[in-house]
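Residue-level structural notes
For reference, the chains in residue letters:
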Amino acid sequence: MGLRLFNTLNRAVEPFQPQDPERVGIYGCGPTIYGHAHIGNFRTFVFYDLVHRYLEWKGYGVHFVVNFTDVDDKTIRAAREAGVTIQEFTRPFGEAILEESDALGMQRFDLYPRATAYVDRMIELVQALLDRGLAYTTEDGSVFYDISAFKGYGKLSRKDLEKGRTGERVAADEYGKDDARDFALWKAVKEEDEAVGAAWDAPWGRGRPGWHLECSAMGLAEVGETLDLHLGGEDLIFPHHEDEIAQSEGATGKPFARTWLHVKHLKVEGQKMSKSLGNFITVRQLLDEGISPAAIRHQLLSAQYRRELNFTRAGLEASERAVERLLDFQDRLMRHPVGGKGGPEGGSLAEAARQARDAFEAAMDDDLNVAGALGALFTFLNEGNAILDRNPSIAGSQREAALELLESLDQVLGLLELGRREREVDDELAEWVADRVQARNEARTRQDWHEADAIRDELAEKGIVLEDGPDGTHWKRVGVGSETHG
Ligand code: AMP
Ligand code: ZN
């Protein structure tokens, strides 16, 4: 069975059928770069990464675009406070997001368009909407979308728009609208916009684009008139995505996105994250604390995107142990003696790998149920460990099948890849450890237990953990701040 996704537009799980499997066109609403992205933003971005990787794993060609919002109320206000232009103010935050994305093992998307580079396209789009009678200018040179003129308005959010009419508040700067529900496509210039370089000339007057317009213009320009997938956090359904539909479909007459996926908001220690509650965590802070990036990634991935995800310190520790178990299993497989013919005692690794792959794919096909997919992987790990326990050696082909399965599933999950990076030690450290292990073995031969223990402690201080086994002493590096491992 193929991939099925819950499409917000139809409130139903549907088969995924891209227009061109060689080029699945995806647009994800990206960060507003006026500060460091928080852990909630990264739930959404790591989900984008999962979609990206899984579609490629299934053999699709993917064209994935994630924008950076560098001009809006927030970037303008922050740049003004800092006394610099929006370009100067936002640049370091854009760079930081990419660094943090890399640190969390995210694959790069194909393009990260910045809104300020697309103002010409935005002006063209506004002109098209004016020409089609879907927008109107006001005296001060702003342009608003006339939602009463667009038949499909409300189809994504299913808002009862008539009911919303009276309760709607009209922002002071939006004075002049025909209807309180109309939204700004273009905002007439204000002194503070000019001061931070956030003003452009347009046929109807100098000003700046509205936020919703930015995503329509970048999506149309870089992905196409009809996206296969449009992604974002659940807060964006209304008004942002509703307005993107009105703008894009109003201008092209074609469906803007076939499928809309929305990620449920992450909580922190059971609460909604907010600056006022003091539970606002950035990925930057976690990385600076020395928290394992693979553990952060694991926790962000651990729940299916439409389910609640509660980010906790205790959960991070559990995630760190889960990644350690995966790495340990991979190491064990690589070290396990190979030999003998026929299948191993008490179960076949190759057969377990086949089953794990099927279970993994079935879970991911079921609306990207990553919790189920991780379950399939850890079931395999348990079975694999039990088989290795019972078999002093296994056939080479069995071991290969197991290692290949781990590699394959990790193309989607990206956990081993990231964990390896963390466990990896530079050559100098490896040499030093080998030297200390040898000294310890010599001390043990002399029955100098005091010296042997001292060396073990010395290594532990550097995060190196020893394991004495029948085939000698092995060692591994554990993540900074991680639990001790027996
Ligand atoms: P922003 O930088 O606020 O424009 O948000 C960037 C992306 O993060 C959008 O897709 C938001 O919907 C998403 N987002 C914001 N807060 C959260 C949260 N707590 N959990 C998950 N996603 C979020
Ligand atoms: Zn957007």
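On a predicted model such as this, the values are computed, not experimentally measured, just so you know.

Take the site of ligand 1 next. Around ligand 1 there are 17 residues in total, and Thr32, Gly40, Thr44, Asp235 and Leu266 lie nearest to it. Interatomic distance of 2.7 Å between a side-chain N/O atom of Thr44 and a nitrogen atom of ligand 1. The side chain of Asp235 places a nitrogen or oxygen atom 2.5 Å from an oxygen atom of ligand 1. Relative to its unbound accessible surface of 490 Å², ligand 1 loses 89% to contact with the protein.

Our next topic: the coordination of the zinc ion (ligand 2). When a metal carries six donors in an octahedron, the ideal angles between them are 90 or 180 degrees, while four donors in a tetrahedron ideally lie at 109.5 degrees. In the first shell of the zinc ion (ligand 2), the protein supplies Cys29 (SG), Cys215 (SG) and His240 (NE2), at 2.0 to 2.2 Å from the metal. On the primary sequence, the residues serving as donors to the zinc ion (ligand 2) are separated as C-x185-C-x24-H. Taken together, the residues span a long stretch of sequence, with Cys215 in helix H7 (residues 211-222) and His240 in helix H8 (residues 237-252) at a distance of 25 residues. The residues Cys215 and His240 share a single accessibility class, namely buried.

Let's shift gears to the sheet that holds strand S11 (residues 267-268). Whether parallel or antiparallel, the strands of a sheet pair through hydrogen bonds between backbone atoms. Here three strands make up an open sheet; going across it, the order is S12-S11-S13 and the pairing mixed. Looking at strand neighbours, the two that pair on one side only are strand S12 (271-272) and strand S13 (310-311), the edges of this open sheet. In this sheet, S12 lies alongside S11 in antiparallel orientation, the contact comprising two bridges. Of the residues in S12, the one forming a bridge with Val268 is Gln271.

A separate point is the sheet that holds strand S3 (residues 24-28). In spatial order, the strands read S4-S3-S9-S10; together these four strands make up an open sheet with parallel pairing. The open sheet terminates on both sides in strands that have one partner only, identified here as strand S4 (62-66) and strand S10 (257-263). Within the sheet, the average angular offset between the axes of one strand and its neighbour, ignoring direction, is 20°. The pairing of strand S9 (residues 227-233) with S10 spans six bridges and is classified as parallel. Looking at S10, one finds that Leu231 is bridged to Leu261. Packing of H7 onto the sheet brings it into contact with S3, S4 and S9, and relative to S3 it is tilted by some 160°.

Calculation notes
Residues numbered from 1 in each chain as written. Chains lettered and ligands numbered in written order. Predicted model: local features only at pLDDT ≥ 70, side-chain atom pairs only at ≥ 80, totals over all residues. Heavy atoms only, no water. Near = heavy atom within 4 Å. Polar contact = N/O pair within 3.5 Å; in protein donor to acceptor, adjacent residues only side chain to side chain. Areas by Shrake-Rupley, 256 points an atom, 1.4 Å probe, with all protein chains shown as cover. Donors = N, O, S within 2.8 Å, 3.2 Å for Na, K, Ca; no water. Helix = DSSP H or I, 4+ residues; strand = E, 2+ residues; numbered from the N terminus. Buried < 20%, exposed > 50% of the residue type's maximum accessible area, 1.4 Å probe, protein only. Pairing = 2+ DSSP bridges. Axes fitted to C-alpha atoms, helices over the stretch in contact; angles between N-to-C directions. Contact = heavy atoms within 4.5 Å.

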